[in-house]
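The residues making up each chain are set out below.
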Amino acid sequence: MNIKKWVVLPLNKERAAELSRSYELPFFLAMMLEIRGIRTREQIEALLQEDADFFDPLLLPDMEKAVDRIRRAVDEMERIAVYGDYDADGVTSTAILYSYLESCGADVMFYIPEREGEGYGMNTGAIDTLHERGVRLIVTVDNGIASVREVEYAKSLGIDVVITDHHRPQEQLPQAVAVVDPFRRDCDLPYKYFSGVGVAFKLITALEGPDCDMQALLDNYADLVAIGTIGDVVPLEGENRILVKKGLKLIAQSDRLGLHCLLEHAGAADRTPTAGNVAFTIVPRINATGRIGSPDRAVRLLVSEDPEEADQLSCEICEDNNFRRTIEGEIYESALKLLRENPSRAFDRVLVVDGEGWHHGVIGIVASRLTEKFGKPCIVLSRTGEEAKGSGRSVEGFSLFEAICACSDLMTKFGGHPMAAGLTMPSDKIEEFRQRINRYAAALPGGVPAPVLTLDCKLKPGGLNVEMVQSLAWMEPFGTGNPEPLFGLFGMKLEEIAPVGGGKHLRLVFSRDGVRVRCMKFHMTPEEFPYRPGDVLDLAVTLDAKPFRGEPVLSVFIREMKLSDLDPESLIQDQELYERYRRGERLTPGQAERITPDRAVFAAVYRWLRENGGWDQSVLVLLSRIGGGLSLAKLLIALEVLEERGLLALDMDGERVCVQLKKVEGKVDLTMSPLLRRIESLEVVE
């Protein structure tokens, strides 16, 4: 169950009004800036400006050395290999540097390692291949900072290496000709959070020299820089923000054959590019080439000047993406099945699931989906004989990297950051790893934080208008560090439910204070929708303006919703107590009392289910329907006891619960339930 704490950011309306007056901004825009702490002229200009002075690329460590070595290779016609990575950041990094060097007349090729056979970064087998092809200089993009051994091996073959990367260095830097990385300890740049393609673009500007025509470089490469920057989920601040702004405009009018064909095959050619739709259309398709099949096709697509080749590659890549979705869905269902068959594991603080031969290219996506479903950190491991490779995702406030570090002796390789990590371990260590990472989580002060849904502010339905959306356009592009604004519409009465899009989506009409608001909820069928007309809901929404007959019309999109009469704080506490009981952990007398249903609770729950013919929807909605001050923990345990005593059949899958009543002869004594006795046995005697 993923029960989120809804948090509304504070708003000082007087300060927002002052911002609006002082800087001649629309009040709604000034309000949003105030909410996000953007209050000084410098901060406002940094967010809203269209242009910026780019810092001197030679301020990056070793950049001058990199430029000298690459220029020498170009002048002397040495063969250069651009060594990239198989994700969108690595692919776009490779494409722009390869294209640039080719335009300079260099003897240049590119190399992208295979995810399945080679893995991330440099490897000696690839270096052997490049040596056989006459390469004298390797320039890495989006990788290489950890390739100490591989750089030494390349040197032994007479190959120089220039590294450009944006990942955190380890204790020892590779002994390359140059190591260009903004996170080197000797780098004192005021801003460092570039993607790999951002660093590669800095290299190109350095190669152009002091007379660099920045506008010409942006016209040539900003579209690819934007895609890689968005794909790597780095903060859209400073130069990143300007690069993405310019890149989105370039995508809209791109004459890059491969990109145009990819948008056509993705059904997105007519959409106005935003960071959001780039993240959901272009990026996953480029990533799919690294997850399924050969990743060099994505580079070939982005540099192609042959219409037939571009069309063919686009078709293949979109097919790969569809195949990726199929594999991802199968592994996701397998992971859910594993948790259903081992229900105690679903109550772990950190979920760890594993399977034989699960595709390495999609386990990270599966981990992300499981984290979203259960609201917990999750690690998905694929076993191949004696070795298991895994990928994990976390929730805000729980550093998955630190948790894995606490179990590092079990692993042969690991890395990552607070929200995501990768690891490799012997297959026979998986169960010990699951136990130890959960002990680590249990020992943390405050435990694993509950997921949070952050709302910028509450809105009144009567105040919704197109001008709000037009004001928000000044804040684009949205992304990491500047998320798309999310608003709360609270206490909204559901009036109408209408399926659209062949029943795949819903059009919902709500009312409050005499105002009716039409909203869209995508990817939800009427059968999945747990609410009914008359329910009062809180909505988390985004706003947009779509043209209709030549005029902009306000569109309201529902991202999340909950019943107004349910308190998330209380639900989260109840869920934590219930899971503590399911894990067999000790309970204080107060905790035991809070989760133990009495006769009146059993009667109310069973009577409601009997009168309504069971239930097959959200357990939170069932809680609200039964009412009477019933708590979530007591409801869950009451359902388990009723199942145990043969009164009903129960099937739980995350938040959804299916209850079917059984025929019963005579009275059933619920007080004799072993489940209730178990609660008593867990109670600490004071």
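About the criteria used
- Residues numbered from 1 in each chain as written.
- Predicted model: local features only at pLDDT ≥ 70, side-chain atom pairs only at ≥ 80, totals over all residues.
- Heavy atoms only, no water.
- UniProt positions renumbered as here; feature names shortened; annotations may be inferred.
- Axes fitted to C-alpha atoms, helices over the stretch in contact; angles between N-to-C directions.
- Helix = DSSP H or I, 4+ residues; strand = E, 2+ residues; numbered from the N terminus.
- Parallel < 35°, antiparallel > 145°, perpendicular 65-115°, else oblique.
- Contact = heavy atoms within 4.5 Å.
- Nonpolar A, V, L, I, M, F, W, Y, C, P; charged D, E, K, R; others polar.
- Left-handed = near helix turned anticlockwise from the far one by under 90°.
- Buried < 20%, exposed > 50% of the residue type's maximum accessible area, 1.4 Å probe, protein only.
- Right-handed = clockwise from strand over helix to strand, strands pointing away.
- Phe/Tyr/Trp six-rings, centres within 6.5 Å; stacked < 30°, edge-to-face > 60°.

By the naming in an unreviewed UniProt entry, the chain is Single-stranded-DNA-specific exonuclease RecJ, taken from Candidatus Gallacutalibacter pullicola. The Sequence similarities (unreviewed entry) field of the UniProt record for the chain holds the comment "Belongs to the RecJ family."

1. Focus: the packing of helix H21 (residues 599–612) against helix H22 (residues 619–626)
For any two helices packed against each other, the geometry is given by the interaxial angle and the distance between the axes. Remark: H21 packs on H22, axes separated minimally by 10 Å, with the N-to-C direction vectors making an angle of 100°. Comparing the axis directions of H21 and H22 gives the class roughly perpendicular. Side by side, H21 and H22 meet where Ala604, Val605, Trp608 and Leu609 of the first sit next to Leu622, Arg625 and Ile626 of the second. Class assignment for the residues of the contact of H21 with H22 results in six nonpolar, no polar and one charged.

2. Overview of the packing of helix H5 (residues 88–103) against helix H13 (residues 296–303)
Relative orientation of the contacting elements H5 and H13 amounts to 45°, with a least axis distance of 9 Å. Taken together, the axis directions place H5 and H13 in an arrangement best described as oblique. Crossing angle aside, the handedness with which H5 passes H13 is right-handed. Between H5 and H13, the contacting residues are Val91, Thr92, Thr94, Ala95, Tyr98 and Ser99 on the first element and Ala298, Val299, Leu302 and Val303 on the second. Tallied by class, residues from the contact of H5 with H13 come to seven nonpolar, three polar and no charged.

3. Things to note about the pairing of strand E2 (residues 79–83)
Of all five residues in E2, four are buried, a share of seventy percent or more. The parallel pair E2 and strand E3 (residues 107–111), bridged by H5, forms a crossover whose chirality is right-handed.

4. Considerations on the UniProt feature "domain: DDH" (unreviewed entry) in the chain
UniProt's feature table lists "domain: DDH" (unreviewed entry) at residues 79–229, given in the numbering used throughout. As annotated, residues 79–229 comprises 42% helix and 17% strand, and the C-alpha atoms at either end are separated by 28 Å.

5. Structural notes on the packing of aromatic side chains
Under the counting rule described, the total for this entry stands at 14 aromatic pairs. Their ring planes at 35° and their centres at 5.3 Å tell us that Tyr83 and Tyr111 sit as a pair that is tilted. Taken together, the residues span a long stretch of sequence, with Tyr83 in strand E2 and Tyr111 in strand E3 at a distance of 28 residues. Since its relative accessible area comes to 0%, Tyr83 is described here as buried. Aromatic pair Phe529 and Tyr531: ring centres 5.4 Å apart, planes at 80°, arrangement edge-to-face. Tyr531 matches Phe529 in its accessibility class, with the two residues each being buried.

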